[in-house]
Amino acid sequence: MKKSILALAAAALAFAPLAATAQHDPTVGGAPMYANKNIIQNAVNSPIHKTLVAAVKAGGLVDTLSGAGPFTVFAPTDDAFAKLPAGTVDTLVKPENKATLDKILTYHVVAGHITTKDLKSWIKKGNGTYVAKTVEGGSLTFTLDMGKIKITDEKGGSAWITTADVYQSNGVIQVIDSVLMPA
């Protein structure tokens, strides 16, 4: 009996690090995201962020988002980019449109390490609304709807956080289902 209890205890201890890793390193699109890697190192491994990664490269923002941060990136998926009018992404990644692309990309970034717990608390304190200033200089408005966080952009478009609190060494990624547009 003692041997079986010891064996169970040893097994539990052996798997404890795996359980802890699973809680802190969620998957995005089936790919593991590691808290000890930066935003870019994780994003390039996400199978549902290929368009975002290509846009970040075209915009010349790889070094910035690999930097110390902390940053919170509201990261649209490939499906989110696919909702844009046909040809929009192809046009934006052209060198002559770099300024517009950079404006859109930096509109998805807020300085600091912002979790969904933070957002929910700030929304509650703000009587149902929280407004954050983006790196681009515009603002995003956060509200709660049936317990889910909705983000409204300056043009009235909206996105939902679909995968929350993907921790990075230099911030956090909040995966969203639509591309947000600055004014």
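For the structure itself, consult the block above.
Below, the structure is looked at part by part. (Residues numbered from 1 in each chain as written. Predicted model: local features only at pLDDT ≥ 70, side-chain atom pairs only at ≥ 80, totals over all residues. Heavy atoms only, no water.)

Some words on the overall build of the chain
Scanning the chain from N- to C-terminus turns up 8 helices and 9 strands. When burial is assessed residue by residue, the chain has 39% of its 183 residues classed as buried. Sequence-distant contacts in the chain: of pairs separated by 6 or more residues, those separated by 24 or more amount to 60%. Carbon and sulfur atoms provide 60% of the accessible area of the chain, an area that totals close to 9,800 Å². (Helix = DSSP H or I, 4+ residues; strand = E, 2+ residues; numbered from the N terminus. Buried < 20%, exposed > 50% of the residue type's maximum accessible area, 1.4 Å probe, protein only. Contact = heavy atoms within 4.5 Å. Areas by Shrake-Rupley, 256 points an atom, 1.4 Å probe, with all protein chains shown as cover.)

Here's the deal with the packing of helix α3 (residues 50-58) against helix α7 (residues 98-106)
α7 packs onto α3 with a crossing angle of 125° between their chain directions and a minimal axis gap of 9 Å. Comparing their axes, α7 and α3 come out oblique. Along this stretch, α3 crosses α7, giving a crossing that reads as left-handed. Touching L52, A55, V56 and A58 of α3 are K98, L101 and L105, all from α7. Among the residues making up the contact of α3 with α7, the classes are represented as 6 nonpolar, no polar and 1 charged. (Axes fitted to C-alpha atoms, helices over the stretch in contact; angles between N-to-C directions. Parallel < 35°, antiparallel > 145°, perpendicular 65-115°, else oblique. Left-handed = near helix turned anticlockwise from the far one by under 90°. Nonpolar A, V, L, I, M, F, W, Y, C, P; charged D, E, K, R; others polar.)

Focus on the environment of S66
Residue placement: S66 occurs in helix α4 (residues 62-66). Residue classification places S66 among the partly exposed residues on the basis of a relative accessible area of 30%. Each C-alpha atom of the pair S66 and S169 lies 9.4 Å from the other, and the pair is 103 residues apart in sequence. When residues no more than four places from it in sequence are discounted, the contact partners of S66 are N38, I40 and N170.

Describing the packing of aromatic side chains
Counted under the stated rule, the structure contains 3 aromatic pairs. Relative to F142, the ring of F74 has its centre 5.4 Å away and its plane inclined at 45°; by these criteria the two rings are tilted. With F74 in strand β3 (residues 71-76) and F142 in strand β6 (residues 139-145), this residue pair connects regions lying 68 residues apart in the sequence. Since its relative accessible area comes to 1%, F74 is described here as buried. Ring centres of Y130 and F142 lie 6.0 Å apart, and the angle between their planes is 35°; this geometry places the pair in the tilted category. Note that Y130 is positioned in strand β5 (residues 130-133) and F142 in strand β6, a separation of 12 residues in sequence. The exposure class assigned to Y130 is partly exposed, which follows from its relative accessible area of 22%. F142 sits in the buried class, given a relative accessible area of 0%. (Phe/Tyr/Trp six-rings, centres within 6.5 Å; stacked < 30°, edge-to-face > 60°.)

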